[in-house]
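Overview (structure and organization)
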Amino acid sequence: MKDFMIMLATNSAALSAVILLYAAVTPLLSKRYSSKWLYYSWLIIVAGLIVPFRPQLDVPGINVTVPAEAVLTRPLMAAPEKAADTVASVSSAVQLNYPVESGNPVAQSAVISIQWWQAAAAIWATGVIVFLLIRCIRHYRLMKMLGRWSEDVKDDEVLALMDDVKNELGIPGQVSLYLCRYTGSPMMTGILKPRILLPATDIPKEELRFILKHELVHCRRKDTWYKCLLLIATAMHWFNPAVYLMAKVINEQCELSCDAEVLRDSDPDTRDRYCKAIVGLLETRLKTRTALSTNFYGGKNGMKKRISSILDTRKKKAGLSVACAMLILTAGIGIASAAISADNAAKDPPGNVNADVVVRLADHNKIPENYDTYACYVDARPQLEFYIDGKDIAQIEVTCRNEYVYAVDLTQTQHEKYWNVEYYQTYDEETGTCTFYPERRYDKAIKLSFDKEFSGYGEIWYRWTAWNLYKWASEDNFSHFVGFGIDPKIELPEDMTEEQKLKLAAGENGSGPANIGHICLDGYPEGLARDRIEIKVTDREGNSVTKYINVEISNNEFMQTVVTAYVED
Amino acid sequence: MREMKRLPDAEFEVMKIVWQNEPPVTTGIVMEQLGKKKEWKAQTVVSLMLRLVERGFLRTEKAGRERLYFPEVSREEYLKFETGNFIKQYHNNSLLNLVNTLYDDDALTDGDINELLQWIKERRG
């Protein structure tokens, strides 16, 4: 749908230029080329408006993010934890251990993004429907009115004349003829069942012949079909003023070329008589006019153009070159613009996604908006929270060397694994315990692929977590373990044995060795205290960029765990 | 006369017969020219005509055993009303109508036509 909207807009804009150009040079061209060719050359543009088949322009980076009023509920994440609460939950029950992550800053700033094209598509479709509805109602009402005032033609002479002209033009099938007091001008309508309506006036036979011939030429050329196509094109491009100008010019060309067809190979005398027939109608009209008329600019001038054209005996060329020019312009514009866009893409150096990709590190001393490429904070355990944002990202791969990474997709729209808590943690209602499968959540390498319409990259929550350090904590009979939480001196409930406390702290509890407690250690082995996270981002054009996060875990003078991290391009 | 309203189709059909005939018109004439074609009962035609009397389109007189009807609104008057009404509502943007008119009648004022005729005379002269 996004591609379609871009294509439609591009097509509309590009063809507007062709329409304006063609409309501007039409007076010049009509001196040289036959109106028939000018008329049918417009059909190429009409077809181009209806079938936007040309290679589309890809316009990357037009993303409008609209903050929505509705905020998604986040059942996954618990509220920020205080160290004291951590102790309480650790001591009272083991199964509550998992959701106790330190606060999730993104939850508060949740937005739903509505893509620009979704809004545009909704407005466009509504416009098309309303336009067509109004047109249908009008057509129906007009037909009803005409039908009401129509009477069968009973004059045998007129009917014979009609048959005569019909045979002359070689029109097969039935064409009905009516007298209609409602219309001020002879007209032809009906797509499947063509009807000719004459104003209820006694028109001299000589003049009537011309008039019938004019209407039957419309009939033979299937001008009503042409007008249907024009209507569809206008409905699809209702927002484009150039299309209405086009409709006006086409209507004019339609009548001009119809006159020309009636008068093909005619001598000046016949032309004069044809002219007289139209004048005769106008004169009668003046006498019998019943309707109040509104003055529309162009009516009079259009008529003058008509008469001039009728009386113009100069030989006109077939406008094959005009038709070709329109074909080339209509089809070519799309190809040219596609070439331009391809050219632009080629000019972009590989890795241009670089500019768009931002890696931010959560720092508990800052508010989320101020998260930066550097973080240094005291935490209850060795861990790092970070975010990767950008535009038109197709894939993100995160790997680390020593420890583990995982992701939680707060948008809950992408790969299920990255948000579905049930996937890596099951809850047994009978026993009231959770079973946690760390191997399902933690990995040394994760890979996220995104849907084309996705834009909420910044809402995905990435974690580096020091699982190996917990193993280290339990080594040598928990000898490296010094305590819990941000302040390692917080005391555990008194009824716990020392061993229980140690095991609990290191994750040795009812959930099995997999669970992670909040720990502080007396020191960190060289190999585990440092890690390097590699983030490889690939955009939709196949460009990729790699960023690194260096993480270091250390203790401060109060034996608190300090996490230091910075982003490296 | 009362304010004119658009006639429903059936009543309009009756009025068309009335206009086609020399007044006065009887239900018999209408029945003969229309009722058979439409397969209407005599009572239907009578009630339609009485409704037209109510609307002020017909006037009725009793002449012996027969009831005579006279048109109160001429066809031209009514046509003027319908077309005027329609144009007021629908004229805008007639460009996209699915009809081919020989000329755009509504786009020409009487003044325009006079000027055009003059112009053509000069051109051809």
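This section reports on the structure supplied with the text. Every value quoted in this text rests on a predicted model; they were computed, and no experiment measured them.

The tally for this structure, following the rule as stated, stands at 19 aromatic pairs over all chains. Consider the rings of Tyr78(B) and Phe81(B), whose centres lie 5.7 Å apart with planes at 35 degrees: the pair is tilted. Taken together, the positions of Tyr78(B) and Phe81(B), both in helix H4 (residues 75–90) and three residues apart, correspond to about one turn of that helix. Take Tyr78(B): its relative accessible area is 0%, and that puts it in the buried class. An aromatic cluster of at least three residues, connected via ring pairs, comprises Trp149(A), Phe12(B), Trp19(B), Phe57(B), Tyr78(B) and Phe81(B). In this structure, Arg148(A) is placed above the aromatic ring of Phe12(B), and the distance from its NZ or CZ to the ring centre is 4.1 Å. Looking at Lys444(A), its charged tip hangs above the ring of Tyr404(A), at a distance of 4.5 Å from the centre.

Another point: the side chain of Lys16(B). Its location among the elements puts Lys16(B) in helix H1 (residues 9–20). Put simply, Lys16(B) is tucked away with no salt bridge, and the nearest opposite charge, on Glu13(B), sits 4.3 Å away.

All names here are of chain A. The geometry of helix H2 (residues 35–50) relative to helix H8 (residues 241–262) is characterised by a closest axis approach of 8 Å and an angle of 145 degrees between their N-to-C directions. Between H2 and H8 lies a crossing whose hand is left-handed. Only Val243, Met246, Val249, Ile250, Gln253, Cys254, Leu256, Ser257, Ala260 and Glu261 of H8 make contact with H2, whose side of the interface consists of Ser35, Lys36, Leu38, Tyr39, Trp42, Ile45, Val46 and Leu49. Its residues placed into classes, the contact of H2 with H8 shows 13 nonpolar, three polar and two charged.

Our next topic: the pairing of strand E2 (residues 176–180) of chain A. Residues and elements named next belong to chain A. The pairing of strand E1 (residues 150–152) with E2 spans three bridges and is antiparallel. Opposite Ser150, over in E2, you have Cys180 as the bridge partner. The sheet contact formed by E2 and strand E4 (residues 195–199) spans five bridges and is parallel. Across the sheet, residue Leu179 finds its bridge partner in E4, namely Leu198.

What counts, and at which threshold
Per chain, the residues get numbers from 1 upward, laid out in the order the sequence is written. The order in which chains are written sets their letters, starting at A; the order in which ligands are written sets their numbers, starting at 1. The model is predicted, so local features are restricted to residues of pLDDT at least 70 and side-chain atom pairs to those at 80 or more, both for listing and for counting; the totals for chains, interfaces and linings are taken over all residues. With hydrogens and water stripped out, all remaining heavy atoms of the structure feed into the side-chain values. Two rings from Phe, Tyr or Trp (for Trp, the six-membered ring) form a pair when their centres sit within 6.5 Å of each other. Planes less than 30 degrees apart are called stacked, planes more than 60 degrees apart edge-to-face, and all others tilted. Starting at the N terminus, helices and strands are each numbered in turn, a helix being any DSSP run of H or I of at least four residues and a strand any DSSP run of E of at least two. Partly exposed residues are those whose accessible area sits between 20% and 50% of the maximum for their type, while under 20% is buried and over 50% is exposed, using a 1.4 Å probe and protein chains only. Geometrically, a lysine NZ or arginine CZ counts as sitting over a ring once it is within 6 Å of the ring centre and also within 35 degrees of the ring normal. Note that His is not counted, nor are the chain ends; the positive residues are Lys and Arg, and the negative ones are Asp and Glu. Within this document, salt bridges are pairs made up of a side-chain nitrogen of Lys or Arg and a carboxyl oxygen of Asp or Glu, the two lying within 4 Å of each other. Note on method: axes are straight lines fitted to C-alpha atoms, helices fitted across the in-contact stretch only, with angles between N-to-C directions ranging 0 to 180 degrees. Rotating anticlockwise by less than a right angle from the far helix to the near helix defines a left-handed crossing, while the corresponding clockwise rotation defines a right-handed one. Two residues qualify as a contact provided that any one of their heavy atoms is within 4.5 Å of a heavy atom in the partner residue. Think of it as three bins: nonpolar holds Ala, Val, Leu, Ile, Met, Phe, Trp, Tyr, Cys and Pro, charged holds Asp, Glu, Lys and Arg, and polar takes everything else, Gly as well. Pairing between strands requires that DSSP locate at least two bridges from one strand to the other.

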